[in-house]
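# Descriptive analysis of the structure
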Amino acid sequence: MAERLIHILPEQVASQIAAGEVVERPASAVKELIENSLDAGARSASIEISGGGRGLIAVSDDGCGMSRADAILCLRRHATSKIRDAADLAAIRTLGFRGEALASIASVSRLELKTRRPEDLTGIHLSVVGGELAAERECAMAAGTRIEVRELFFNTPARLKFLKAPATEQSAVAEAVQRLALGNFGVAFTLNADGRPLLELTRARGALERIRQLFGPKLAERMLPFSLERDAIRISGLATVSQDSFPTARMLFTFVNRRSVRDRLVARAIAQAYATLLPRGRYPAVVLVLEVRPDEVDVNVHPMKTEVRFRRSNAVFEAVYHALRDRLANQSGAPGPAAAGGPPWPGRPARLPDADASRPLRLVLEAAPAAARPEQTALGLGYDRTAPASGRAATAEATETVKVVDDPSSINVASINPAAPTLVKVGPIVPVYSRLRIIGQLFAGYIALEGDDGLILVDQHAAHERVTFEKLRAELRNGGIRVQARLVPEPLELDSARAAQIQAAVPQLRALGFEVEPFGPATMLLKGAPAVFGAEAGVKLLADMIDSMGESGFELRGEQAFDDCLKQLACHGSVRVGRVLEEREIRELLAELDRTQFKTNCPHGRPVHIQFGRGQIERMFRR
Ligand code: ADP
Ligand code: MG
C-alpha cells in the first residue's frame, strides 16, 4: 500500500473552495471528525465529549487508518486524499474534500491523533499544540483512527467567548451526531457526554430502524415509507402520517447523497406536499433521502457543507413533491401508487453504490390485498340519495407491514440475524370507514364507529369538507367547477356599501361555480351554483362566500390561491357540526370519505378522525 495518499491541493484548486469558518463550535468539530470517519469506511464511530465539547472531543473509528506520512500530512491546510484537481470538485463522492477540517481544529486546540492501518504492526501517535507538532511516537492500538481534541479555542479567546453554556453546546453535538447517524444507518454510533451515554446505536438495516433507535418506536410506527425514481433522481424516505405534526421544522431531515443538508427548495416541496393536510404553523417529521449523480449537485457552496446547489432544481422539487404527495394522498393500508410502482425503500445503502460492493439492504413493502373499493358513484354528497348497502362486519383495511429483506434477492433478514425485528406494523392508519359499525352520532357533530381495535370518532364537518374540497379540485382540474342551474333564478340582496365591489367580483364568482348576474344596483341574481352542493345549496352559500371575500375580491391566481378559495367554499358548503344526521346520510358520507384522497385531514389540516384504542379504554376501566 502506498505510504502517502494525502497531498496538498495546489493553490489554484484550494482557491476554488468555498471558504469560511469550518469550526465555529464543538458540534462543527464533531461533525467534521465523524465525516472523516465515514469517509474512511468506518463501520462504527464512538464519540466522547466533556464540558459540552470544550474540555474534550474524542472521535474513534474502525476505518482505514493512515500511514505515518499521511498522519503528519493530514494536519496541513488543503491536505486531502479525496480530490486532486479542480475537475474533481464537480463530482464529489465523499463527505469531505477540502482538506481544511483537521488543520483548522488542530490550530485552535491541543490535539492527539492516533491512527493505524490494518496492515501496519503499530500505530502512530502525534501530539499537536495550536497546530504545531509537539511529539511523535509509536503506539499499540486497533486499526482505525482516534482523534482527541482538548481545550478547543484555548488560543482564540474571541471564539471561546461565543460558545454557549455547556448544556447547549452538548445538545448541538448530540444533534449533529443524530443527523449523521440518520443518514448513515449502517454505521454504529455511540455518544458519551461527561461519562454518561447519550446515544448507543447499533448498525441498522434501514432508516426506519435508525429512526426507531433515535426517536422511539412510537414515531417510527406512524411513519409512511415513500419512494420515487425519475429523471435520474432517486428519492426515498419516511414521513409522518398527516394526523401527526410538530410545532417546529426540527424533525425535517434531508440527505443528499448521504450528506445532511438544509435545503430551502426541498423544505418547500415537503411543505407543499403537506399543504391542506396540516394546520398552519405545524410541521411533519420527514426523513428524505435524495440521490443524484455527484455531478448533478454542487456541494462546494457552503463552508460547513450544509447547503447544496442542484443543477436541475426544478426536477428535484417536482420529484420530492410527487414522492410525498402521492404517498400522502392515500395513507391507508395499501401503499400509494408511488410506493407500489416505485423502487423499494430505501435504496440507500450505507455507502455509495460505487464505493462499496457490499449488498445494500432494503425494506420492501408487503401489503395484504387491498380491500375492494366501494363502487364509484358520480353523485355528489346529496343526503337524500339512497345509500349503498354496507352492513358488513367491521374490518379495517389491509394491514401494511414493512418487511426487511436483503436486496436484490428476497431472503428474509431474519435468517441472517434471528434477533432482528423483521416486521414493523405501519398500518392501518386509515380504516375503510364504510365497513365499520356505526354506533351513532355524538353531540350532533361526531360519528361514532366501532373500529377493529377501538372507538373511532369522525368529525362530520371535517370529513365532508375534505370530500367536497377534493371534488371541487378534481372538477377544476377537469375544466371547471360543475354548475347546477336553478329552475328559478333567485335574487340576493347585496350590502349597498359593498355592492360595487361584489359586482366587480362576478367573474371570480363564476369561476367558483356561481352563475350570477347583476340585477339592479344592489341585487344579484343567482342562476346556478356548484353542483357538488346539490340543488338546495345556493343563495346561503353565495352569501357566505361574499361575506368571506377579501377587499380585492377572490384571489384566483396560482394553485395555492385557488385552493384557498376552494377551502372556503368547501367549508361553507359542508355539513356543520350541530346538524343531526340520519343513518343513511352517515353511510353516504362514510362511503364518500372512503373514495376520497387526503382523507386524513380537513383542508385546514384538522384531523378527520380520532381513535381510542381498545387497550386504552380497557386501561381506563383498570381491566
Ligand atoms: P478532508 O476530509 O476534506 O479531506 P480533513 O482535514 O478533514 O480534510 O482530513 C484530511 C485527510 O486526513 C483526509 O483527506 C483523510 O485522508 C485523512 N483523514 C482524516 N481523518 C481520517 C480518519 N478518521 N481516518 C482515516 N483518514 C483520515
Ligand atoms: Mg474532512
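For the structure, check the block above.
This section reports on the structure supplied with the text. (Residues numbered from 1 in each chain as written. Chains lettered and ligands numbered in written order. Predicted model: local features only at pLDDT ≥ 70, side-chain atom pairs only at ≥ 80, totals over all residues. Heavy atoms only, no water.)

## Description of the overall build of the chain
Selection rule: Comment: elements are numbered from the N terminus, with helices defined as DSSP H or I runs of at least four residues and strands as E runs of at least two. Classification of residues uses two cut-offs on accessible area relative to the type maximum, computed with a 1.4 Å probe and protein chains only: under 20% is buried, over 50% is exposed, and between them is partly exposed. Every residue pair with non-hydrogen atoms within 4.5 Å of one another is taken to be in contact. Accessible surface is estimated by sampling points in the Shrake-Rupley manner with a 1.4 Å probe; for residues, cover comes only from the protein chains shown.
Along its length, the chain carries 18 helices and 28 strands. Within the span of the chain, comprising 623 residues, buried residues form 53% of the whole. Across the chain, every contact between residues at least 6 apart in sequence was considered, and the portion connecting residues at least 24 apart equals 73%. Total accessible area on the chain stands at roughly 27800 Å², and carbon and sulfur atoms take up 53% of it.

## Describing the sheet that holds strand E15 (residues 286-291)
Strands belonging to one sheet form pairs held by backbone hydrogen bonds; the direction of such a pair is parallel or antiparallel. Stated precisely, the cut-off is as follows: The pairing criterion for strands is at least two bridges between them, as found by DSSP. Axis lines are fitted through C-alpha atoms, for helices just across the contact stretch, and the angle between N-to-C directions can take any value from 0 to 180 degrees.
Across the sheet, five strands lie side by side as E11-E12-E15-E13-E14; this open sheet has mixed pairing. One side of each edge strand has no neighbouring strand; the edge strands of this open sheet are strand E11 (223-230) and strand E14 (259-261). When strand polarity is set aside, the average angle formed by the axes of neighbouring strands in this sheet is 20 degrees. In the sheet, strand E13 (residues 252-256) pairs with E14 via three bridges, with the strands oriented antiparallel. If you follow Phe255 over to E14, its bridge partner there is Ser260. Those strands touched by helix H10 (residues 313-329) are E11, strand E12 (233-240) and E15, and its axis lies near 140 degrees from that of E11.

## Considerations on the pattern of salt bridges
Selection criterion: Within this document, salt bridges are pairs made up of a side-chain nitrogen of Lys or Arg and a carboxyl oxygen of Asp or Glu, the two lying within 4 Å of each other.
For the structure shown, the criterion picks out 41 salt bridges. Between Arg117 and Asp120 there is a salt bridge, with the nearest N and O atoms lying 2.8 Å from each other. Since its relative accessible area comes to 5%, Arg117 is described here as buried. Here Glu585 ties to Arg579 by a salt bridge, and the two come within 3.6 Å at their closest N and O atoms. Sharing partners across several salt bridges, the network here consists of Glu48, Lys114, Arg146, Glu148 and Arg150.

## Here's the deal with the site of ligand 1
Definition in use: Residues are classed as near a molecule or strand on a simple rule: at least one heavy atom within 4 Å of it. Distance and chemistry together define a polar contact, namely a pair of N or O atoms within 3.5 Å, with one atom able to donate a hydrogen and the other to accept it when in protein, and with adjacent residues in sequence counting only for side-chain atoms on both sides. For this scheme, ten residues count as nonpolar: Ala, Val, Leu, Ile, Met, Phe, Trp, Tyr, Cys and Pro. Four count as charged, namely Asp, Glu, Lys and Arg, and the remainder, Gly too, count as polar.
Inspection of the region around ligand 1 gives 20 residues, with Thr80, Ser81, Lys82, Arg98 and Gly99 positioned closest. At 2.9 Å, a backbone N or O of Leu102 approaches an oxygen atom of ligand 1. Surface burial for ligand 1 is 95%, taken as the share of its 520 Å² of free accessible area covered by protein chains. Partitioned by chemical class, the residues of the shell around ligand 1 number eight nonpolar, eight polar and four charged.

## Details of helix H9 (residues 264-273)
As a reminder, the rule being used: Read the arc as the range of directions from the helix axis to the C-beta atoms.
Residues of H9 that are buried include every one of Leu265, Val266, Ala269, Ile270 and Ala273, and no others. Buried positions in H9, seen along its axis, are confined to an arc of 135 degrees and lie on one side of it.

## A word on the side chain of Asp563
Here Asp563 is to be found in helix H16 (residues 558-573). Owing to a relative accessible area of 9%, Asp563 belongs among the buried residues under this scheme. Leave out the neighbours within four places in its chain, and Asp563 touches Phe469 and Arg473.

Purely geometric numbers; function is a separate question.
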